[in-house]
Amino acid sequence: MFRNQYDTDVTTWSPAGRLFQVEYAMEAVKQGSAAIGLRSKTHVVLGCVNKANSELSSHQKKIFKVDDHIGVAIAGLTADGRVLSRYMRNECINYSFTYESPLPVGRLVVQLADKAQVCTQRSWKRPYGVGLLVAGLDESGAHLYYNCPSGNYFEYQAFAIGSRSQAAKTYLERRFENFKDSSRDDLVKDALMAIRETLQGETFKSSICTVAVVGVGEPFHILDQNTVQQMIDAFDIVGEQEDPAAEPDAAAGQEAAAEPSAAADQGGSTDEGVAPMDI
Amino acid sequence: MNCMDSKQPETGLLGPESDSQRTLYPYVTGTSVVALKYKDGILMAADMGGSYGSTLRYKSVERMKPIGKHSLLGASGEISDFQEILRYLDELILYDNMWDDGNSLGPKEVHNYLTRVMYNRRNKFNPLWNSLVLGGVKNGQTYLGMVSMIGVNFEDNHVATGFGNHLARPILRQEWHENLSFEEGVKLLEKCMRVLLYRDRSAVNKLQIAKITEEGVTISQPYSLKTHWEFSAFQNPTQGAVGSW
């Protein structure tokens, strides 16, 4: 009758040493539409794919400005993402009230991860169903972090989350060694290329993606659609010409690619292929 | 805040806080602090007297302390309130260090924190009775600022609290320049402190000079200034001052 005895609440261990509810939450991140991030020494670029829930609706916002020096891109439950963004905005503004200086990115990320961790250890709570790419600039330079529903966080040179993100990851892995000394515009170009990798069949145009930049002398801001379109045209990366490039992610992207966020409720039906804990 | 053990909490309009005690006037106070920017950082001077009212009650009160790696704090006013502020800052720096992530609070951050603490306490009608001087160097940036007991704050190239504001600032305005060497800076501070010693009755002739640079804080051993009281203007100070005795 019961397929899984050990996934009825977050705090219950499986004999194999897994927390299924936490893994389902991470599955929600995978189902959300893709978000990518990459950084040089001086800049961080975030990008995401905008997918509308239905033919009749608009898409949801996936990139949020937290402060002049920090921004996030999310994949998973947008509602959870907004709650966490508000929390981060609060922390930033309180810090600058007290110290009149920007909150170090690493500290904000730790606080955020601690918040997520608490939800994995309380029976009456549920983990956040959202993964956050946190881009920021502080005294020690440009940073890109990934924050996971499990309460884990990692710092990256470049990373991608969400549906079909494996293709973007492959692209980024091939090229990340050059990112460190990249110019801002090259970084944006690579961001666009990585976003394109996550598309399935659609034509790559500015209306289906959002790009944001933060860097030295450049407060976090979302690039407006015209600028993005111009860059797409300038770089001549309209896409589709090399459609097969989307293949490598066949394993991870799976059926979910079509429906963005709000799909976490299906997490329970995922079979043995549940996410490993190491992310 | 010592709550007097009252019979029945007479919770009037002011709430249960109304019968608590606040600082209505300071008890043991220190007098002026003088500080200036120089070539490599900040120099600060303060004497070591602690006055109980107008009685010079204590003679070796240290009124300048290092705060973290990049800052130096000097205080005039209520000595015990200064000690409480130091406790706050010790905790602040401890928690900052516990992050152990390479970030640290600089003088600007500490100054702003103190501003918030001072203003917050005055809003509770329970001020910390001090004028604070905060100097420091971080990432090649020299910083010097002041906070008063009600939270008024500003930055400047040279600052002085209390009597120093009236007696030392004019000298500093006249003689201070950006490229003061260490020796010139000390000389200038000693000039200020000597004037204060002559004219401020609560100053004592035992002072320290502190220095903060990119390398860190050094606070000198206490020493005294050479004085000369035989100036003719000191002979009969009330002469020509109408109305004095």
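The rules behind each value
The written sequence of each chain sets the order in which its residues are numbered from 1. Naming scheme: in the order in which they are written, chains are lettered from A and ligands are numbered from 1. Restriction of local features to residues with pLDDT of at least 70 applies here, the model being predicted, together with a cutoff of 80 or more for giving and counting side-chain atom pairs; totals for whole chains, interfaces and linings are based on all residues. Processing note: side-chain calculations cover all non-hydrogen atoms of the structure and skip hydrogens and water entirely. UniProt positions are given in the numbering used here, feature names are shortened, and annotations may be inferred rather than shown by experiment. Here a strand is any run of E in DSSP of at least two residues, a helix any run of H or I of at least four, and the numbering for each starts at the N terminus. Only C-alpha atoms enter the radius of gyration, while the globule expectation follows 2.2 Å times N to the 0.38, with N the number of residues. We call a residue buried when its accessible area falls under 20% of the maximum for its residue type, exposed when it is over 50%, and partly exposed in between, using a 1.4 Å probe and counting protein chains only. Working rule for contacts: check all heavy atoms of both residues, and any pair within 4.5 Å makes them a contact. Only the protein chains shown count as cover for residues, with accessible areas throughout obtained via the Shrake-Rupley method and a probe of 1.4 Å. Charge counting treats Lys and Arg as positive and Asp and Glu as negative, with His and both chain ends excluded. Charge positions come from single atoms, namely NZ of Lys, CZ of Arg, CG of Asp or CD of Glu. Nonpolar side chains (Val, Leu, Ile, Met, Phe, Trp, Tyr) are joined into patches within 5 Å and like charges within 9 Å, using only residues with over 30% relative accessible area and no salt bridge. Whenever a carboxyl oxygen of Asp or Glu lies within 4 Å of a side-chain nitrogen of Lys or Arg, that contact is scored as a salt bridge. For any pair of parts, buried area is found by adding up, for both, the accessible area (1.4 Å probe) each one loses once the two are put together. Strand pairing requires that DSSP identify at least two bridges connecting the strands. Only the contacting stretch of a helix is used when fitting its axis, a line to C-alpha atoms as for every element, and angles between N-to-C directions run 0 to 180 degrees. What qualifies as a polar contact is a pair of N or O atoms within 3.5 Å, subject to a donor-acceptor requirement within protein and to the restriction that residues adjacent in sequence count only when both atoms come from side chains. A helix's residues, less one, multiplied by 1.5 Å, set its expected span.

- As annotated in an unreviewed UniProt entry, chain B carries the name Proteasome subunit beta and is attributed to Herrania umbratica.
- As its UniProt record puts it under Function (unreviewed entry), chain B is described as follows: "Non-catalytic component of the proteasome."

- Chain A goes by Proteasome subunit alpha type in an unreviewed UniProt entry, where it is assigned to Herrania umbratica.
- As its UniProt record puts it under Function (unreviewed entry), chain A is described as follows: "The proteasome is a multicatalytic proteinase complex which is characterized by its ability to cleave peptides with Arg, Phe, Tyr, Leu, and Glu adjacent to the leaving group at neutral or slightly basic pH."

### Details of the overall build of chain B
Stage number 1. In terms of regular secondary structure, chain B is built from 6 helices and 13 strands.
Stage number 2. The globule rule puts the C-alpha radius of gyration for 245 residues at 18 Å, and the 20 Å found for chain B is close to it.
Stage number 3. A principal-axis box enclosing the C-alpha atoms of chain B has dimensions of 65 × 55 × 25 Å.
Stage number 4. Of all 245 residues assigned to chain B, the portion counted as buried reaches 46%.
Stage number 5. Partitioning the contacts of chain B with sequence separation of at least 6, the portion at a separation of at least 24 is 62%.
Stage number 6. Accessible surface, chain B as shown: approximately 13800 Å² in total, 51% of it carbon and sulfur.
Stage number 7. Both charge centroids of chain B, one from 26 positive and one from 27 negative side chains, sit 5 Å from each other.

### A closer look at a nonpolar patch on the surface
All names here are of chain B.
Stage number 1. Together, Leu24, Tyr25, Tyr27 and Tyr52 give the surface a local cluster of nonpolar side chains, amounting to about 500 Å² of exposed area.
Stage number 2. Here Tyr52 is to be found in strand 4 (residues 50–52).
Stage number 3. The class of Tyr52 is partly exposed, set by a relative accessible area of 46%.

### Thoughts on the UniProt feature "domain: Proteasome alpha-type subunits" (unreviewed entry) in chain A
Stage number 1. When the UniProt feature table is mapped onto this chain, "domain: Proteasome alpha-type subunits" (unreviewed entry) is found at residues 6–28 of chain A.
Stage number 2. Span residues 6–28 of chain A is 39% helix and 0% strand, its end C-alpha atoms 18 Å apart.

### Examining the interface of chain A and chain B
Stage number 1. Each side of the interface is counted separately: chain A has 13 residues, and chain B has 14 residues.
Stage number 2. Around 1200 Å² of area is buried between chain A and chain B when both sides are counted, 47% of it from carbon and sulfur atoms.
Stage number 3. Three residues stand out in chain A for area buried against chain B, namely Tyr99(A), Arg107(A) and Glu139(A), and they jointly supply 50% of the buried area on that side.
Stage number 4. Our enumeration of links across chain A and chain B arrives at 3 salt bridges.
Stage number 5. Between Asp101(B) and Arg107(A) there is a salt bridge, and its shortest N-O distance comes to 3.0 Å.
Stage number 6. Looking at the side of chain A that touches chain B, the elements with two or more residues in it are helix 2 (78–99) and helix 3 (105–118) of chain A.
Stage number 7. Looking at the side of chain A that touches chain B, the element that brings in the most residues is helix 2 of chain A, giving 5 residues.

### Points about the environment of Thr198(A)
Residues and elements named next belong to chain A.
Stage number 1. With respect to the secondary-structure elements, Thr198 resides in helix 5 (residues 184–198).
Stage number 2. Look at Thr198 and you get buried, because its relative accessible area is 3%.
Stage number 3. Separated by 36 residues in sequence, Thr198 and Gly162 place their C-alpha atoms 9.1 Å apart.

### Let's talk about the sheet that holds strand 7 (residues 153–155) of chain A
Residue and element names in this part refer to chain A.
Stage number 1. What the 5 strands build is an open sheet, ordered 3-4-5-6-7; its pairing is antiparallel. Every interior strand has two partners, whereas the edge strands, strand 3 (63–67) and strand 7, have only one. The sheet shows a mean angle of 20° between the axes of neighbouring strands, direction not considered.
Stage number 2. Where strand 3 meets strand 4 (residues 70–76), 4 bridges bridge the pair, whose relative direction is antiparallel. When the bridges of strand 4 are listed, Phe64 appears paired with Val72.
Stage number 3. Sheet strands in contact with helix 3 are strand 3, strand 4, strand 5 (130–138), strand 6 (141–147) and strand 7, and its direction is about 160° off that of strand 5.

### Some remarks on the side chain of Ser32(B)
Residues and elements named next belong to chain B.
Stage number 1. Here Ser32 lies in the loop between strand 1 (28–30) and strand 2 (33–38).
Stage number 2. Overall, Ser32 belongs to the buried group, its relative accessible area being 2%.
Stage number 3. A distance of 3.5 Å separates a polar atom in the side chain of Ser32 from a polar atom in the side chain of Thr31.
Stage number 4. Looking at Ser32, its side chain comes within polar contact range of the main-chain nitrogen of Gly164, at 3.1 Å.

### Concerning helix 5 (residues 182–199) of chain B
Residue and element names in this part refer to chain B.
Stage number 1. When the terminal C-alpha atoms of helix 5 are compared, their 26 Å separation across 18 residues agrees well with the 26 Å that a helix rising 1.5 Å per residue should span.
Stage number 2. Looking at helix 5, one finds that the buried residues are Gly185, Val186, Leu188, Leu189, Cys192, Met193, Leu196, Leu197 and Tyr198.
Stage number 3. For helix 5, the elements touching its buried residues are strand 2, strand 3 (41–47), helix 3 (163–167), helix 4 (169–175), strand 12 (207–213) and helix 6 (232–235).

### Regarding the environment of Met48(B)
Residues and elements named next belong to chain B.
Stage number 1. Mapped onto the secondary structure, Met48 falls in the loop between strand 3 and strand 4.
Stage number 2. On the basis of relative accessibility, which here comes to 2%, the residue Met48 falls in the buried class.
Stage number 3. Considering only alpha carbons, one finds Met48 and Glu62, 14 residues apart in sequence, at a separation of 5.9 Å.
Stage number 4. Here Met48 is in contact with Tyr58, Lys59, Ser60, Val61, Glu62, Val204, Lys206, Leu207, Gln208 and Pro222, once residues within four sequence places are set aside.

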